[in-house]
Amino acid sequence: MIRILKRDIERVMKSKKIIRVAYFTDTGKELALKLFDDWDKAIPEYRNEQLSLNDWVQDSFENHLPILFIGAVGIAVRAIAPFVNNKLKDSAVVVTDELGLNVIPILSGHFGGANDWARAIAEKIDSNPVITTATDINNVFAVDVFARENGFKIKNKEMIKVVSTKALKGEKLNAIETQEYLDIDGLWLVPKRLTLGIGCKKGKTFKELFEFVTSVYDEEYLYDNLYAISSIDVKASEIGLIKLAQYFGVPFMTYSADELLAVEGDFNESDFVKENVGVGNVCERSALLAAGEESTIIKEKKAFDGMTLAAARREKIVIDW
């Protein structure tokens, strides 16, 4: 049976995320500046006005980055319509009016996290989050949120509606646990077991990091199996690493030098890295920490052009019921 443990939720919740932002008026710009002033939850990437709105939205969807539109819902709906394709991969999309009266998630409310973004934004600007998802407003179990938060791949997404309908009716949900999957009334959830520990020089781009990790693992394999990306805490605001984690829809976990040094094992240490960050091996140690108890290194340190990577396997499945 799968052993049920509590995930390090606090560490994940504190990690920063990037959100794309588009505004269309001076009033909207003022609201954006108010929102992102001294906000540790998000790093804004404002729309490049040299790009058409269509191209900018397309780029956001291709990189799986959430979008905040400050303006009319109609503008947002028309802008995203050509790119809506897969509820498990589509960007989270949130809209707020330029006065910040209401904040409305309009796409990927659960798996993409748009509902969470809407609540967080509304709290920051003292606004009204307009949540319309049935499981949220009725405060019942949402299986797709459960899967996202606990590192499961959804094998048959068409069953999400079936499970949600039962939950909304107040019916008992039946779960079957094995070593390889969790079955909730016919919805198969497979635990993602791979963690990637990554170290890098400051300023490494998403493109550089993406090409590095996909030279080691196939992109689709990572989608199916990657649970988390991890590093040292001095990299907590490294844009390339944050984008890489968001691209694959996984947490970016960072650890202090002391936490990394406490990991037991025989590691390939670097005196240069130790001098700079206080620990001689970031990738292997952080991969093991993110994977949790009894985890094992399955790919030793690999280095290329100022980047290092190692992989570990989760053995105990971490779940927050």
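None of the values given here were measured: they were computed from a predicted structure. (Residues numbered from 1 in each chain as written. Predicted model: local features only at pLDDT ≥ 70, side-chain atom pairs only at ≥ 80, totals over all residues. Heavy atoms only, no water.)

On to the overall build of the chain. Regarding its fold elements, the chain presents 14 helices and 15 strands. Taking 2.2 N^0.38 as the reference for a compact globule, 321 residues should give roughly 20 Å; the C-alpha atoms of the chain span a radius of gyration of 20 Å, in line with that estimate. Expressed as lengths along the three principal axes of its C-alpha atoms, the size of the chain is roughly 55 × 50 × 30 Å. Across the 321 residues in the chain, those meeting the buried criterion constitute 50%. Considering only intrachain contacts with a sequence separation of at least 6, the fraction spanning at least 24 residues in the chain is 65%. When the accessible surface of the chain is summed, it comes to about 15,600 Å², and 50% of that surface belongs to carbon and sulfur atoms. On the chain, the mean spot of the 41 positive side-chain charges and the mean spot of the 49 negative ones are 2 Å from each other. (Helix = DSSP H or I, 4+ residues; strand = E, 2+ residues; numbered from the N terminus. Rg over C-alpha atoms; globule rule 2.2 N^0.38 Å. Buried < 20%, exposed > 50% of the residue type's maximum accessible area, 1.4 Å probe, protein only. Contact = heavy atoms within 4.5 Å. Areas by Shrake-Rupley, 256 points an atom, 1.4 Å probe, with all protein chains shown as cover. Lys, Arg positive; Asp, Glu negative; His and termini not counted. Charge placed at Lys NZ, Arg CZ, Asp CG, Glu CD.)

All right, on to the UniProt feature "domain: CobE/GbiG C-terminal" (unreviewed entry) in the chain then. UniProt records the feature "domain: CobE/GbiG C-terminal" (unreviewed entry) at residues 194–312, using the numbering of this structure. Taken end to end, residues 194–312 is 40% helix and 28% strand, and its two terminal C-alpha atoms sit 6 Å from one another. (UniProt positions renumbered as here; feature names shortened; annotations may be inferred.)

Let us look at the pairing of strand S5 (residues 102–107). Looking at chain direction, strand S4 (residues 93–96) and S5 are connected through four bridges and run antiparallel. Bridge pairing in S5 places Thr96 opposite Val103. Where S4 folds back on S5, the antiparallel hairpin that results is connected by five residues, among which Gly100 adopts a positive phi of roughly 70°. Crossover handedness for the path S5 to helix H5 (residues 114–125) to strand S6 (residues 128–129): right-handed. (Pairing = 2+ DSSP bridges. Right-handed = clockwise from strand over helix to strand, strands pointing away.)

In this section: the environment of Leu101. Positionally, Leu101 belongs in the loop between S4 and S5. We classify Leu101 as exposed; its relative accessible area is 52%. Counting along the chain gives 168 residues from Leu101 to Glu269, while the straight-line C-alpha distance between them is 53 Å. Not counting the four nearest positions on each side in its chain, Leu101 is found in contact with Ser127 and Asn128.

This part is about the side chain of Ser231. The topology assignment puts Ser231 in strand S12 (residues 226–232). Ignoring anything within four residues of it in the chain, the contact list for Ser231 reads Ile198, Gly199, Leu241, Phe252, Met253, Thr254, Tyr255, Val282 and Ser286.

Here we come to the nonpolar core. If you look at the biggest cluster of nonpolar residues, it comprises 28 residues, and the most contacted ones within it are Leu196, Ile198, Leu222, Leu226, Ile229, Leu244 and Phe248. Every element with two or more residues in this core is listed here: strand S11 (194–200), helix H9 (206–216), helix H10 (219–225), S12, helix H11 (239–247) and strand S15 (307–313). Taken domain by domain, this core gets at least three of its residues from each of domain 1 (6–135) and domain 3 (194–313). Formed by 21 residues, the second largest nonpolar core is a distinct cluster that contains Trp39, Leu68, Ala118 and Ala120. (Core = buried A, V, L, I, M, F, W, Y, C linked by side-chain atoms within 4.5 Å. Domains from an automatic or database assignment.)

So, on to the UniProt feature "domain: Cobalamin synthesis G N-terminal" (unreviewed entry) in the chain. The feature "domain: Cobalamin synthesis G N-terminal" (unreviewed entry), as annotated in UniProt, sits at residues 56–136 in this numbering. Secondary structure within residues 56–136 divides into 37% helix and 20% strand; the distance between the first and last C-alpha atoms comes to 30 Å.

Below, the discussion takes up the domain arrangement of the chain. Domain boundaries assigned for the chain yield domain 1 (6–135), domain 2 (152–191) and domain 3 (194–313). The centre of domain 2, based on its C-alpha atoms, is set 31 Å off from the matching centre of domain 3.

Turning to empty space enclosed by the protein, a few remarks are in order. Tallied over the entire structure, the rule returns one cavity of 30 Å³ or more. Quantified by volume, the largest cavity comes out at close to 40 Å³. If you trace the largest cavity, you find it lined by Ser15, Lys16, Lys17, Ile242, Ala245, Gln246, Val250, Pro251 and Phe252. The greatest single-element share of the lining of the largest cavity, amounting to three residues, is contributed by H11. Residues belonging to the lining of the largest cavity are distributed by class as follows: five nonpolar, two polar and two charged. Domain assignment of the residues forming the lining of the largest cavity places at least three in each of domain 1 (6–135) and domain 3 (194–313). (1 Å grid on protein atoms, 1.4 Å probe; cavity = no way out; pocket = protein on both sides within 12 Å on 5 of 7 lines; lining within 4 Å. Points joined across faces, edges and corners; volume = space filled by probe spheres on them. Nonpolar A, V, L, I, M, F, W, Y, C, P; charged D, E, K, R; others polar.)

As a further point, take the packing of H9 against H11. When two helices pack together, their arrangement is given by the angle between their axes and by how far apart the axes lie. Running from amino to carboxyl end, H9 crosses H11 at an angle of 55°, the nearest separation of the two axes being 8 Å. Accordingly, the angle class assigned to the pair H9 and H11 is oblique. Note on packing geometry: the crossing formed by H9 with H11 is right-handed. Packed against H9, whose contacting residues are Phe206, Leu209, Phe210 and Val213, the element H11 presents Gly240, Leu241, Lys243, Leu244 and Tyr247 at the interface. Partitioned by chemical class, the residues of the contact of H9 with H11 number seven nonpolar, one polar and one charged. (Axes fitted to C-alpha atoms, helices over the stretch in contact; angles between N-to-C directions. Parallel < 35°, antiparallel > 145°, perpendicular 65-115°, else oblique. Left-handed = near helix turned anticlockwise from the far one by under 90°.)

If you walk across this open sheet you meet the six strands as S2-S1-S3-S4-S5-S6, and the pairing is mixed. Edge positions in the sheet fall to strand S2 (42–46) and S6, since each of these pairs with one other strand and no more. The sheet contacts of helix H2 (residues 26–36) involve strand S1 (17–23), S2, strand S3 (67–70) and S4, and relative to S1 the element is tilted by about 165°. Sitting on the sheet, H5 touches S1, S2, S3, S4, S5 and S6, and the angle it makes with S5 is about 165°.

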